[in-house]
Amino acid sequence: MSDYSFHVAGIRVQPDLSGAAWFPDLKTLAVADLHFEKGTSFVRRGLHLPPYDTKATLGRLGDVAEKFQPERIIALGDSFHDGQGPARLDGDDVAAIQRLTRNTQWIWIFGNHDPAATRGIDDLGGVALEELCLGDLTFRHEPQGTGGEVAGHLHPGAAIRQRGRRIRRKCFVSDGASLILPAFGAYTGSLNVCDPAFREVFDGSFRAHIIGREEIYSMAQAKLVPDRTGP
Amino acid sequence: MNVTGAVQTAENNLPAPFLAWFDSRGWAPRPHQLALYAQACAGNSTLLIAPTGGGKTLAGFLPCLTDLTARGRPKPGSSETGVGKGLHTLYISPLKALAVDIARNLETPVSEMGLPVTMETRTGDTPPARRQRQRHSPPDILMTTPEQIALLLSHNNAPIYFGGLKYIILDELHSLVASKRGDLLSLGLARIAKLAPDAIRIGLSATVAEPDHLRRYLVPQTIEREQMSSLIQGQGAVTPDVSVLASEEHIPWSGHSARHAYGEIYNIIQASKTALVFVNTRSQAEMIFQELWRINEDGLAIALHHGSLAKEQRRKVEAAMTRGDLRGVVCTSTLDLGIDWGDVDMVVSVGAPKGASRLLQRIGRANHRLDEASRAILVPANRFEVLECVAAQDAAINGELDGPPPRTGGIDVLAQHVLGMACSEPFDADALFEEVRSAAPYQDLTRETWARVLDFVATGGYALRRYDQYRRIVKNEAGLYRAAHPKVVQRYRLNIGTIIEEALMRVKLVKKRPGKSGKPGEPSLRGGRFLGEVEEFFVSQLKAGDTFLFSGQVLRFEGLSETEAWVTRSFDDDPQIPSFYGGKFPLSTYLAAKVRDILADPESWQSLPPQVAEWLGIQKWRSVLPKADELLIETFPRSDKHYLVCYPFEGRLAHQSLGMLLTRRLDRMGAHPLGFVASEYALAIWGLNDMSGVDLDALFDEDMLGDDMEAWLAESSLLKRTFRDCAMIAGLIDRRLPGDEKSGRQITVSSDLLYTVLKDHQPDHILLEATWSDAATGLLDIARLGDLLKRVKGHLAHKPLERVSPLAVPVLLDIAKEPVYGAANEALLREASQDELIEEATRLV
């Protein structure tokens, strides 16, 4: 089922197991919330993690680019965990990003973690934009509920309960008019799509396209369950 | 050694005040006390093995007290007093409370004989000011714990402090050596052996299966030859009077509450002077205590004692116990060790005893006089536990013992010690390597591992060397390793030790009153007193309004406030949240074998309660009873699922690992297993397809411990907690820093991240290896699983059935939310995504 696809605002989109979305008719690949250099950002909080999350994310990004051979790659914002992120990249990672931005038309969409003021992003190649319109689709970081949106920001995840067992994974979520991508970055978590935040984006019902180990599972909203709430 | 001769001489040599003191009490020194004295006078380190109540502790102190008496009271201002003087005797116990108790007990002879001796305790509870003073002007005798030894050794005055040491007394040695604390202590002793080569070591131990392990532990090892201390075996106690409760009630098929027997336990307490009721877990203690009070119409003084109660509350119970005011105490293993609780005449052991030695130590709490038989009653909580109790009873009566094999020293503990040594003074790597290898648990440490441990302490390992924070030791100009920074030393001292507490939350009893905000239904809560601490894991399962048992009362959970769980008193009789977690100890190999023997031999069922014998009888008729060397595997359908149940009797941990590996293989064979549940005795796997056709010999083949296991561990998050403990012991993660009280939850989050990242980027990191080897003996019990697979090879007895067998009922009743192998999760996801289609196709409107 690797070519599983659905339509957003009439345009075909193929959700990939990696968390990227492939738009075959636009020859465009979209990824959301890369959160590069999240690992090194923990240093400020006294936690010294091996600085490999950027490498891991880039590795997966390289693989998915290899697979679809896109003409354009759109990073839907929060590509860096903070405004100082680009400055902390190590040399190999800079080279890997530059390879990608050289070989494709690369778009950095600004996010709340890496706003327009993010320093050093220009040196990496590509174009940095607030948002980008392609046909009927608008690619932006934070969904505004306008329809025709392809966005990130919310890190969607979905849970189901089947035969008494609860299973929770990252997912794509769409009502046919808009699409929200899961976070692509290595150290990112997810927010349950039953959270009110998603109601502000989708008026009616939506489907979650849940990322399994080898397949994407499409699930109706009615099938989804919220997280167990704490006290 | 000629014991009689030595004893004769020793008695003659025992100084007059001591002989007179024994006389004044109407006592004579016991042979093992004199034998130990003689050994010590001859300069021999010695292990004394004697049952509780044998005057073991006094025996241990006799050589030290006589030596101090001979020294006399030092003149004021002489080098033997005040600042700069060293210790004379070190007493080390595994429990803070035991150190305090021993100090109190020793006070009597010392003051009655007017001996010129000063003694003090030093534990984590000792006020900082006193600890500071003790470091500069120590008493003659210091009573302390392994962690404090490590702390004292990390200071640069250690050579003076320990240099004059004459005696080291290690109490409850059998308990000390069985854990990472024992590893840490062994390394400390190796250093002390350098500082005070002539100090005599005296080990005191309860009866153990293999005394030689302890004899080796006690003395420095050399590469050429195995070294052992002398050994004195005290007189054995009278055969204990052990019975299994012949319950008149219906014995449950499963569960661990023993609820059916509460009335009978109450009657036992009523008929005894003072009874100790031992249970395996804290929550079980709470429940029994609660229920006993519910039926306590005579108002008997029954108290509760377990590790998570507030300290003051425990002290109160202990004091009442010593005064003889109590008729019964419900307690967990916090009372297992040698603390003297006065006149206990009955021990009730509720639930599975788990091991023969463990049971004997508990029984030893009753009747502290050697010439009287200890009385104990075992109360099994379910039918399988009946078999286990009968097996343990046989073992206790016949004096048979079991026990864990000696430990190989932990790598994480070694890393901690290496840093500690650098904090004390710069060290030469080769010299420290030799010193470390003189500790028995580290005898076989290779130079290669040593180099990696050093590298870890110096850099954090390859994946982490980018950060200064992990560079904790550096080489100085002389080529010696020293602490990289004073901060490193400070952090080391704050993080010392090997006991990683489960993250605990303080339980605070608050009162409800109408809120100031006046909002209806939202009463504000106001402060009350602390009841004690519970595991964060437990609290995290509660939602507001849930009731649970704690501190002997039913409490209502209200909410969290940082590290406190706020509760109010509930008037419910029945708490909603049953909080039983299985005990930590698996069934010992020895008892497991005995249980299999009982099962296989219907003749032996005469000693079982009739309902249990009947249960086994029906099993024999309906299915099969496995022979002692066989593994019975039953397959049968039930409602919409198919089951495979096997009965290895190797403990829950080994069964759980077996379940993970079998489901993985079954999945590969196309049998679509959905889940499994493991108990102490059995393992049940269920799935959508009939599993009776699979090749069982291939399924149970030992080769599952190869690739399958590696693949499983690579995916599983099971080892994260083990890693957290190793990382904390090895100093990779802090327990707490001044002004930065991390909550347990924060620590867990960061250690999970570290684990994942190290696994991806440096899978051969030395801490991952340490984690793996800990898990293999602990959490996963791979060692035992391996033995099991070897044992049953060619001895599988498969019985396909039409319906569930009597033996399978207990484990099926245990079925709860157990994690399943990932592929089943995928199957469920697929099924859920297809439900919609099916519903659509079958919809009627």
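About the cut-offs
Residues numbered from 1 in each chain as written. Chains lettered and ligands numbered in written order. Predicted model: local features only at pLDDT ≥ 70, side-chain atom pairs only at ≥ 80, totals over all residues. Buried ≥ 20, exposed ≤ 12 C-beta atoms within 10 Å, placed from the backbone. Helix = DSSP H or I, 4+ residues; strand = E, 2+ residues; numbered from the N terminus. Pairing = 2+ DSSP bridges. Axes fitted to C-alpha atoms, helices over the stretch in contact; angles between N-to-C directions. Parallel < 35°, antiparallel > 145°, perpendicular 65-115°, else oblique. Left-handed = near helix turned anticlockwise from the far one by under 90°. Contact = placed C-beta atoms within 7 Å. Nonpolar A, V, L, I, M, F, W, Y, C, P; charged D, E, K, R; others polar. pLDDT = per-residue confidence, 0-100. Core = buried A, V, L, I, M, F, W, Y, C linked by C-beta atoms within 7 Å.

A.B. asks: Mind showing me how you'd approach the pairing of strand 15 (residues 207-211) of chain A here?
C.D. replies: Moving residue by residue along a regular strand, the side chains alternate between the two faces of the sheet. Residues and elements named next belong to chain A. Counting buried positions along strand 15 yields five of five residues, so the element is predominantly enclosed. Both faces of strand 15 are covered, namely the face carrying Arg207, His209 and Ile211 and the face carrying Ala208 and Ile210. Here strand 15 pairs with strand 16 (residues 216-220) via five bridges, running antiparallel. Of the residues in strand 16, the one forming a bridge with alanine 208 is methionine 219.

A.B. asks: Looking at this structure, I do not really get the packing of helix 17 (residues 411-424) of chain B against helix 19 (residues 447-459) of chain B. What am I missing?
C.D. replies: For any two helices packed against each other, one specifies the inter-axial angle together with the distance between the axes. Residue and element names in this part refer to chain B. The N-to-C vectors of helix 17 and helix 19 enclose an angle of 60°; their axes lie 10 Å apart at closest approach. Comparing their axes, helix 19 and helix 17 come out oblique. Viewed along their axes, helix 17 and helix 19 form a crossing whose handedness is right-handed. For the pair helix 17 and helix 19, contact is made by Ile411, Leu414, Ala415, Val418 and Leu419 and by Val453, Leu454, Phe456 and Val457, respectively. Here the contact of helix 17 with helix 19 is built from residues that sort into nine nonpolar, no polar and no charged.

A.B. asks: Got a minute to help me understand the confidence of the model for chain B in this structure?
C.D. replies: Regions with low pLDDT carry predicted coordinates that are not meant to be interpreted in detail. Residues and elements named next belong to chain B. For chain B, the average pLDDT comes to 82, and 84% of its residues sit at 70 or higher. In the model of chain B, helix 1 (residues 3-13) stands out as the element of lowest mean pLDDT, 54, in contrast to helix 18 (residues 429-437), which has the highest, 97. Throughout residues 1-6 the model reports pLDDT below 50, and contacts reaching past four residues in sequence, or to other chains, amount to five contacts. If you check the scores for this complex, the pTM reads 0.71 and the ipTM reads 0.73.

A.B. asks: Is there a simple way to think about the sheet that holds strand 2 (residues 89-92) of chain B in this case?
C.D. replies: Sheets are built from strands that pair by backbone hydrogen bonding, the pairs being arranged parallel or antiparallel. Residues and elements named next belong to chain B. Strand order in the open sheet formed by seven strands is 3-4-2-5-6-1-7, with parallel pairing between adjacent strands. Bordering the open sheet on either side are strand 3 (119-122) and strand 7 (230-233), each of which pairs with just one other strand. Neighbour-to-neighbour, the strand axes of this sheet turn through a mean angle of 15°, independent of strand direction. Note that strand 1 (residues 46-49) and strand 7 share four bridges and pair parallel.

A.B. asks: Would you explain the nonpolar core in this entry?
C.D. replies: Here is a general trend for soluble globular proteins: nonpolar side chains tend to be buried in one another's company. Residue and element names in this part refer to chain B. Among the nonpolar cores identified, the biggest contains 117 residues, and Val277, Ile288, Val330, Val348 and Ala684 are the most heavily contacted of them. No other element matches helix 16 (residues 383-397), which puts nine residues into this core. Excluding anything up to four places from it in sequence, isoleucine 288 contacts Tyr262, Val277, Val279, Val330 and Val350. Residues Leu34, Ala35, Ala99 and Val488 belong to the second largest nonpolar core, which totals 111 residues.

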